[in-house]
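Remarks on the overall topology
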Amino acid sequence: MKRFLPGARLSIVLAAIVALSACSAGRRGAVPAGTTEPDKFLFDRGTSELAKKKWLTAREYFKQVTETYTQSAYRPDAKLGIGDTYLGEGTAEALVLAMNEFREFLSFYPTHRRADYAQYKLAMAHFRQMRHPQRDQTETREALKEFEAFVARYPSSSLMPEVKARLREAKDRLSESDYLVGYFYYRQRWYPAAVDRFKSVLHDDPGFTGRDALYYYYAESLVKLNRAAEALPWLEKLVQEFEKSEYLAEAQKRITELKTLAQTKASGG
C-alpha cells in the first residue's frame, strides 16, 4: 500500500477543492439543454441570486449574459446587475468597480429606459463613500455632482423623490463640514474668519438642515464684532423657522438684549 507524504496529501486536497469549485461554478452557470431563451434563463437566475444578496453568484450569471449574448435584449439590464452586485458588496474596491459599470452603461446606453437608474446608482456609489464632516469631502462633492446631473437629466423619473432626499443628505454633509470650520474659528475667537465661513454656507446652501446652529453662531460672531444690527435679523430668523432648537432659548434671550441695547442708544442713554 502506498503512503503519501504530508505535502503530497495537502496538494491532493487542494486540487480536489479547486476541482469541486470549478464543477460547482460550471453547474451554476450551465444552461439546461433545450432552453429556448438561454440569455433570459441566466438573467433570471442572476436576478434571483441578487435578491438573496449572493453578490458573487449573481455576478457570474450577469457576466455570462453580457459576455456571451452580446446582442441580447437582457444585456443592458445584466450590466446594471453587475454594478448592483459590486454596490451590494460595499467595499472600497467594489464601489470603484460599481462606478465603472454604471459609467459604462451610461456611455453605451445613454437613451436606455433605465439610464436614470444607472445615474442614480453612480451617485450612490460616491454617496456610500462619503466621510464624516470633519474629514475630506471629495466623495461628497462627487456625489453631489452626480445627483445634480440626475435632477437635470431625468426630471420625470420615478426615482426623483429618493434622489432629492439623498441630495439633501449630501448637501448637509458638505455644509456641516464648512459650518464646523466656522465654529472652530468662533471657538478660537477669530470672529472675522468665522463670519466669512458662516456667510459662505448661508449663501451656498440656504436649505441646510442644521442652519439653526448656523444662524446662532453667525449672529454671535457679528455681536462679538460690534455688528449687533446685522446680528438681530438672523436671531429672529432662527426663532421664526425653528419651533424646536437647542439654540432657541439663547436666541430669544439675545434678541431681548439687543433690542434693549438699541432702544437705550436711541434714547441717548
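I will try to describe carefully the structure that is included in this document. (Residues numbered from 1 in each chain as written. Predicted model: local features only at pLDDT ≥ 70, side-chain atom pairs only at ≥ 80, totals over all residues. Heavy atoms only, no water.)

1. Topic: the overall build of the protein chain
Looking only at helices and strands, one finds 12 helices and zero strands in the protein chain. Counted from the first residue to the last, the protein chain has its helices and strands arranged as α-α-α-α-α-α-α-α-α-α-α-α. In the protein chain, which comprises 269 residues, the share counted as buried stands at 41%. Residue pairs in contact within the protein chain that sit at least 24 positions apart in sequence constitute 49% of those at least 6 positions apart. Accessible area for the protein chain stands at about 15900 Å²; split by element, carbon and sulfur atoms hold 54% of it. (Helix = DSSP H or I, 4+ residues; strand = E, 2+ residues; numbered from the N terminus. Buried < 20%, exposed > 50% of the residue type's maximum accessible area, 1.4 Å probe, protein only. Contact = heavy atoms within 4.5 Å. Areas by Shrake-Rupley, 256 points an atom, 1.4 Å probe, with all protein chains shown as cover.)

2. Observations concerning the environment of Ser177
Within the secondary structure layout, Ser177 lies in helix 8 (residues 160-187). Given the relative accessible area of 11%, Ser177 is considered buried. For the pair Ser177 and Arg135, spaced 42 residues apart in the sequence, the C-alpha separation amounts to 7.9 Å. The residues contacting Ser177, other than those within four sequence positions of it, are Pro133, Arg135 and Gln137. At 2.9 Å, the side chain of Ser177 forms a polar contact with the backbone oxygen of Pro133. (Polar contact = N/O pair within 3.5 Å; in protein donor to acceptor, adjacent residues only side chain to side chain.)

3. Regarding helix 5 (residues 92-108)
Over its 17 residues, helix 5 extends 25 Å from the first C-alpha to the last, a length consistent with the 24 Å expected when each residue adds 1.5 Å. Of all the positions in helix 5, only Ala94, Leu95, Ala98, Met99, Glu101, Phe102, Phe105 and Leu106 are classed as buried. Taken around the axis of helix 5, the buried residues stretch over an arc of 165°, which confines them to a single face. Residues of helix 5 that are exposed and angled more than 90 degrees away from the buried face: Glu93, Ser107 and Phe108. Summarising the contacts, the buried residues of helix 5 are in contact with helix 4 (75-89) and helix 6 (115-127). (Expected span 1.5 Å × (residues − 1). Arc of directions from axis to C-beta.)

4. Some thoughts on the packing of helix 11 (residues 228-241) against helix 12 (residues 248-266)
For any two helices packed against each other, the geometry comes down to the angle between their axes and how far apart the axes lie. At a closest axis distance of 9 Å, the pairing of helix 11 and helix 12 adopts a crossing angle of 145°. Note that helix 11 runs across helix 12; the crossing there is left-handed. Taking contact as the criterion, the partners of Ala228, Ala231, Leu232, Leu235, Glu236, Leu238 and Val239 in helix 11 are, on helix 12, Leu248, Ala251, Gln252, Arg254, Ile255, Leu258 and Lys259. Grouping the constituent residues of the contact of helix 11 with helix 12 by class yields 10 nonpolar, one polar and three charged. (Axes fitted to C-alpha atoms, helices over the stretch in contact; angles between N-to-C directions. Left-handed = near helix turned anticlockwise from the far one by under 90°. Nonpolar A, V, L, I, M, F, W, Y, C, P; charged D, E, K, R; others polar.)

5. Quick word on the side chain of His112
Position of His112 among the secondary structure elements: in the loop between helix 5 and helix 6. One polar contact links the side chain of His112 to the main-chain amide nitrogen of Arg114, over a distance of 2.9 Å. Setting aside its immediate chain neighbours within four residues, His112 contacts Pro76, Asp77 and Phe105.

6. Some details on the packing of aromatic side chains
According to the stated counting rule, one finds 20 aromatic pairs in the structure shown. An angle of 20° between the planes, with centres 6.1 Å apart, marks the rings of Tyr179 and Tyr183 as stacked. Highlighted residues: Tyr179 and Tyr183, both in helix 8, separated by four residues, approximately one helical turn. The structure contains a cluster of three or more aromatic residues connected by ring pairs, namely Tyr179, Tyr183, Tyr186, Tyr191, Phe198, Tyr216, Tyr217 and Tyr247. Across from the ring centre of Tyr117, 4.5 Å away, lies the NZ or CZ of Arg114, which sits over that ring. (Phe/Tyr/Trp six-rings, centres within 6.5 Å; stacked < 30°, edge-to-face > 60°. Lys NZ or Arg CZ within 6 Å of the ring centre and 35° of its normal.)

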